[in-house]
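# A closer look at the structure
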Amino acid sequence: MKSLLFRPEAELGAMHWAPDGQDSGRWQRVLRAGLITLLIAGIAWLDFVSGPDVHLFVFYLMPILLVTNGLGQVAGILMSILCVACNVAIAWFVNPGFAVPDLVTAAARLLMSVLVVIAWGRLQTMGRALAELSLTDPLTGLQNRRACVLRGDVELARMRRSGECLSLMYIDLDNFKSVNDSHGHKGGDRVLRATAEGLREFLRRSDLAVRIGGDEFAVILPATGRDGGRRLGEEVRSCLRLLYIKEGVAVTASVGVATFYTAPESFEEVLHFSDQLMYQIKRNGKDGVLQRDVGHPMTASA
Ligand SMILES: Nc1nc2c(ncn2[C@@H]2O[C@H](COP(=O)(O)OP(=O)(O)OP(=O)(O)O)[C@@H](O)[C@H]2O)c(=O)[nH]1
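Quick caveat: nothing in here was measured; it's all calculated off a predicted structure.

This paragraph deals with the packing of aromatic side chains. Describing an aromatic ring pair means giving the distance of the ring centres and the angle of the ring planes. Summed over the entire model, instances satisfying the criterion amount to one aromatic pair. Pairing Phe260 with Phe273 gives two aromatic rings, centres 5.9 Å apart and planes at 85°, and the pair type is edge-to-face. Of this pair, Phe260 sits in strand β5 (residues 252-260) while Phe273 sits in helix α10 (residues 267-283), and the two are 13 residues apart along the sequence. With relative accessibility at 4%, the residue Phe260 sits in the buried group.

Right, let's get into the UniProt feature "transmembrane region" (unreviewed entry) in the chain. Cross-referencing UniProt, the feature "transmembrane region" (unreviewed entry) maps to residues 30-48 and 106-123 in the present numbering. Taken end to end, residues 30-48 is 100% helix and 0% strand, and its two terminal C-alpha atoms sit 27 Å from one another. With 100% helix and 0% strand, residues 106-123 has end C-alpha atoms that lie 26 Å from one another.

Let us now look at the environment of Ser80. Position of Ser80 among the secondary structure elements: in helix α5 (residues 73-94). Apart from the residues lying within four places of it in its own chain, the contact partners of Ser80 are Ile64, Leu110, Ser113, Val114 and Val117.

The strand order across the open sheet formed by six strands is β1-β3-β4-β2-β5-β6, and the pairing between neighbours is mixed. Here the strands that pair on one side only, and so sit at the sheet edges, are β1 (143-144) and β6 (289-294). As paired elements, β1 and strand β3 (residues 208-213) share two bridges and run parallel to each other. By the bridge assignment, Asn144 is partnered in β3 with Arg211. With respect to the sheet, helix α8 (residues 176-202) is in contact with β2 (166-174), β3 and β4 (216-222), its orientation differing from that of β2 by roughly 155°.

Turning our attention to α5. Its 22 residues give α5 an end-to-end C-alpha distance of 31 Å, which sits within 8% of 32 Å, the value for a rise of 1.5 Å per residue. Residues of α5 that are buried include every one of Ala75, Gly76, Met79, Ser80, Cys83, Val84, Asn87 and Ile90, and no others.

Attention shifts here to the environment of Gln73. Along the polypeptide, Gln73 turns up in helix α5. A relative accessible area of 33% means that Gln73 is categorised as partly exposed. Sequence separation between Gln73 and Leu243 is 170 residues; the distance between their C-alpha atoms is 46 Å. In contact with Gln73, other than residues within four places in its own chain, are Thr68, Val117, Ile118, Gly121 and Arg122.

About the cut-offs
Residues numbered from 1 in each chain as written. Predicted model: local features only at pLDDT ≥ 70, side-chain atom pairs only at ≥ 80, totals over all residues. Heavy atoms only, no water. Phe/Tyr/Trp six-rings, centres within 6.5 Å; stacked < 30°, edge-to-face > 60°. Helix = DSSP H or I, 4+ residues; strand = E, 2+ residues; numbered from the N terminus. Buried < 20%, exposed > 50% of the residue type's maximum accessible area, 1.4 Å probe, protein only. UniProt positions renumbered as here; feature names shortened; annotations may be inferred. Contact = heavy atoms within 4.5 Å. Pairing = 2+ DSSP bridges. Axes fitted to C-alpha atoms, helices over the stretch in contact; angles between N-to-C directions. Expected span 1.5 Å × (residues − 1).

Shown next as structure tokens:
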């Protein structure tokens, strides 16, 4: 039940990549609405049978928080009003007639619920901001390695369903240390930010560029085969070459592109394989692109 009601990772996933699954999303919403209705009915029934001597209002916070969690603060406040009205109606059924203290109690309950809704909304906002931060590289604003693996696993799942292929481009800057040595750490940071900007401008919206760490970047290329992967690798290398000439630094890029035609167990394997390709370029003298397939139906694995 927890996963149905509170799913920060799912919200995060939807925020970043909107993975397809609209049908399951619709069913979850219907299920949630049914669950909330059942909860209110159950609490109202308990409220009724326990009479005015037992105070059960705190239990109404469950459906109120569920609605706030799923639909936001305004819906949460409307739900608070509904729950207080429900509670007042039951009190009236059990013990007909209203006294001023009853109305004061109802107002206090409404105020308490609204405050809980507001506090819950704030917590949600903070949680989202923290989650966003945990996936972002502070220097370049690109997403980080963790985001890459999360998105990669989503892409592998999509790949298993659709049978499409997937490429991953792994980029390591050559001789980047010399930039820090000659232009200082700030100069190095500027080059890393420019690299991120260059990748952002160059790539398609469906691609995801991330900074793995240090002077290493990666790009997830969904539904991209060997030819597309190789071509994009060459284009990124040329694009970065021009950028570094413009920045006045003697840096180039080594690029490994792994194209998977069958999905491996985990995305870490994809990262590892493309990283190995990139190292092969480094060993062969840097500044180049190496593309290899894994699991192509017409050829053996690389
Ligand atoms: N300015 C800056 N430098 C960084 C940052 N993170 C890592 N580095 C530096 O990046 C360099 C990366 O090391 P290497 O990849 O071995 O250096 P390289 O000169 O590119 O070596 P090759 O990859 O073999 O060409 C190190 O000198 C790190 O100090 C950062 O956030 N900012």
